[in-house]
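# Structural characterization, general
Chain by chain, the residues:
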Amino acid sequence: MNFEYFTAKRIIDSKTYKSSVSAPIIKIGITAIAIGIIVMLVAIATGIGLQQKIREKVSAFNGHLIISNFDSNNSQESGVPVSLDQDFYPEFKSVSGIKHIQGVASKFGVIRTEDDFEAIIVKGVGQDYHWNYFKEFLLEGRLPDYSNGRSEEVLISDYLANRMHFKVGDRFTTLFRKEDPNKPPSMITYNVVGIYNSGFKEFDETYIVGDIRHLQRLNGWGPNEVGNFEIYLDDYSQINEKMMEVYQNTPSMLNTYSVEEKFPSIFEWIKIFDKNIYGIIGIMIIVAGINMITALLVLILERTQMIGILKALGSDNWSIRKIFLYNASYLIVLGLFWGNLIGLGLLFAQKYLKLFPLNPEVYYVTEAPVYMSLGYILALNLGTFLLCLAMLLIPSIIITKISPVKAIRFE
């Protein structure tokens, strides 16, 4: 039988332990651990969840990687077309980890009604378009169908629908300028078949999704020409490595850049979340550790006579230190248990009940998103336990300074 573990268990199970002078300090230590793990769980889950949600929304309109002509200058309007007759299309076989590739185009236009007008960008897509993100964004109606002939069906945002008083089934005229400013603009009458809301106002107030064949006709392009290619990856974390691989496996006249390079301010902003998460974790572990150090010192002081008797009976310092470290480990585990119970309960409630809303104009989402992963939960608990226990090794050295004779007489 493990003597140190047996002794620590007897101390914990004793009635005097729960009603001793150290009991309030112990409860404070347990509460500090519980609050710390709650705050850390919430910080990680919401921080990573917000990063992923914003990244998904930006990628929904742009893809993870973009292939275009060097002459495009990253403009929002497609300039020099790219041929679909490429070795990497419709499947990018030379680079692994690519989920999907699609050809798109975009063009500035102006919606005109009898009493109002609105500048927009028409994003032209074809049969190869990846609609998964917009299925999640769809509020009313359905997604457009471009599987047959040239279609006037479009998907507009909830912002634009409210701004222009459109609803599903309405028709509106869009004007597109020509290269020759002396000629009247081209006109297309679109039919609203669906309304979406991505929560990303920067895109919602700008983009409508329509048939790419209309833009090909307006630009004088052939049916096998697009503005650029958008690529979706299996693993977003490899975006920089895959960007270089894609660039090396495409013709020299084509450029490859990532969505992070196209919108640097957005992605620099969400990277700050990582620093915030690390800062919160560090502060919470320090606070919890200090409270546990206080609790351990009080326990040692309260058991001074027991320490003296054990030393007189032949126990060495490390053996006695282990008794108190076992005791402290129990308190840490107790704090972790309650912290996980409350913290995970809050996260599941937010995930399914949407209890805490956010301002979409600031955070690009309407409620705090939650990312749940067994891996980070286990790592967080194990890391907290080990760090707190390591912090307790130093104050436990005080046991080595206790004299058996003085300790036995200690009142």
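Below is a summary of the structure that appears in this document.

For the protein, the helix and strand inventory stands at 15 helices and twelve strands. For the protein, the C-alpha atoms occupy an extent of roughly 105 × 45 × 35 Å along the three principal directions. Considering the protein as a whole, with its 411 residues, one finds that 50% of them fall into the buried category. The averaged location of the 41 negative side-chain charges in the protein is 12 Å from the averaged location of its 38 positive side-chain charges.

Another point: the pattern of salt bridges. Applying the stated criterion to the full structure yields ten salt bridges. For Lys 107, the salt bridge goes to Glu 77, with nearest N and O atoms at 4.0 Å. Taken together, the positions of Lys 107 in strand β3 (residues 98–112) and Glu 77 in the loop between β1 (65–69) and β2 (82–83) put the pair 30 residues apart, joining distant regions of the chain. On the basis of relative accessibility, which here comes to 8%, the residue Lys 107 falls in the buried class. Lys 167 is the salt-bridge partner of Asp 170, the closest N and O atoms lying 3.6 Å from each other.

Taken together, the side chains of Phe 337, Trp 338, Leu 341, Ile 342 and Leu 346 present a nonpolar region at the surface, about 490 Å² in accessible area. Following the sequence through the fold, Ile 342 ends up in helix α12 (residues 317–353). Its relative accessible area of 42% is what places Ile 342 among the partly exposed residues.

Another point: the packing of helix α10 (residues 264–302) against α12. Taken N-terminus to C-terminus, the directions of α10 and α12 make an angle of 135 degrees; their axes are 11 Å apart at the nearest point. Here α12 runs oblique to α10, going by the angle between their axes. The chirality of how α10 crosses α12 is right-handed. Here Met 292, Leu 296, Leu 299 and Ile 300 of α10 come into contact with α12, specifically with Phe 324, Asn 327, Ala 328, Leu 331 and Ile 332. For the contact of α10 with α12, the class distribution of residues is eight nonpolar, one polar and no charged.

Attention now goes to the layout of surface pockets. The space that makes up the largest pocket amounts to roughly 410 Å³. Residue lining of the largest pocket: 22 residues in total, with Lys 53, Glu 136, Lys 354, Glu 367 and Pro 369 positioned closest to the centre. Looking at the lining of the largest pocket, the elements that each hand over two or more residues are α3 (23–62), α4 (132–137), β5 (138–141) and α12. Here the lining of the largest pocket takes five residues from α3, the largest share from any one element. Here the lining of the largest pocket is composed, by residue class, of eight nonpolar, seven polar and seven charged.

Here the focus is the packing of α3 against α12. Where α3 contacts α12, the two axes come as close as 7 Å, and the packing angle between them is 40 degrees. Put simply, α3 runs oblique to α12. When the axes of α3 and α12 are compared, the crossing they make is right-handed. Considering only residue class, the contact of α3 with α12 consists of 18 nonpolar, four polar and no charged.

We now examine unusual backbone geometry. A negative phi holds for most residues other than glycine; trans holds for most peptide bonds. Backbone torsion omega between Tyr 89 and Pro 90 reads 10 degrees, so that peptide bond is classified as cis. We note that His 165 has phi near 60 degrees; this positive angle belongs to a residue other than glycine.

The next subject is the nonpolar core. Counting residues in each nonpolar core, the largest one holds 70 residues, and the members touching the most others are Phe 134 and Ile 156. With sequence-adjacent residues up to four places away left out, Phe 134 is seen in contact with Ala 60, Phe 61, Tyr 129, Leu 143, Leu 155, Tyr 196 and Val 209. Ile 26, Ile 33, Leu 41 and Ile 285 belong to the second-largest nonpolar core, a separate cluster that totals 39 residues.

About the thresholds
- Here, residues in each chain are numbered from 1, in the same order as that chain's written sequence.
- Where totals are concerned, whole chains, interfaces and linings use all residues; where local detail is concerned, this predicted model gives features only for residues with pLDDT of at least 70, and gives and counts side-chain atom pairs only at 80 or more.
- Values shown for side chains rest on all heavy atoms present in the structure; no hydrogens or waters enter the calculation.
- Helix and strand assignments follow DSSP, with helices taken as H or I runs no shorter than four residues and strands as E runs no shorter than two, numbered in order from the N terminus.
- Remark: exposure states derive from per-residue accessible area (1.4 Å probe, protein chains only) relative to the maximum for the residue type, with buried under 20%, exposed over 50%, and partly exposed in between.
- Neither His nor the chain ends is counted toward charge; the positive residues are Lys and Arg and the negative residues Asp and Glu.
- Every charge is mapped to an atom, namely NZ of Lys, CZ of Arg, CG of Asp or CD of Glu.
- Note on definitions: salt bridges are taken to be side-chain nitrogens of Lys or Arg within 4 Å of carboxyl oxygens of Asp or Glu.
- A patch consists of residues exposed above 30% relative accessible area that lack any salt bridge, with like charges linked at up to 9 Å and nonpolar side chains (Val, Leu, Ile, Met, Phe, Trp, Tyr) linked at up to 5 Å.
- Areas reported as accessible are Shrake-Rupley estimates using a 1.4 Å probe. Residue values count occlusion only from the protein chains shown.
- Note on method: axes are straight lines fitted to C-alpha atoms, helices fitted across the in-contact stretch only, with angles between N-to-C directions ranging 0 to 180 degrees.
- Roughly parallel refers to an angle under 35 degrees, roughly antiparallel to one over 145, roughly perpendicular to one between 65 and 115, and oblique to any angle outside these ranges.
- Crossing handedness is defined as follows: a turn of the near helix away from the far one that is anticlockwise and smaller than a right angle gives a left-handed crossing, while the clockwise case is right-handed.
- Residues count as neighbours in contact if any of their non-hydrogen atoms are within 4.5 Å of one another.
- Under this grouping Gly is polar, as are all residues other than the nonpolar Ala, Val, Leu, Ile, Met, Phe, Trp, Tyr, Cys and Pro and the charged Asp, Glu, Lys and Arg.
- Here the term cavity refers to a set of points on a 1 Å grid, laid over the protein atoms alone, in which a 1.4 Å probe fits but cannot get out; the term pocket refers to an open set having protein on both sides within 12 Å along at least five of seven lines, with lining residues being those that place an atom within 4 Å of a point.
- Grid points are joined across faces, edges and corners, and a volume is the space filled by probe spheres set on the points.
- Think of a nonpolar core as a cluster: buried Ala, Val, Leu, Ile, Met, Phe, Trp, Tyr and Cys residues, connected wherever their side-chain atoms sit within 4.5 Å.

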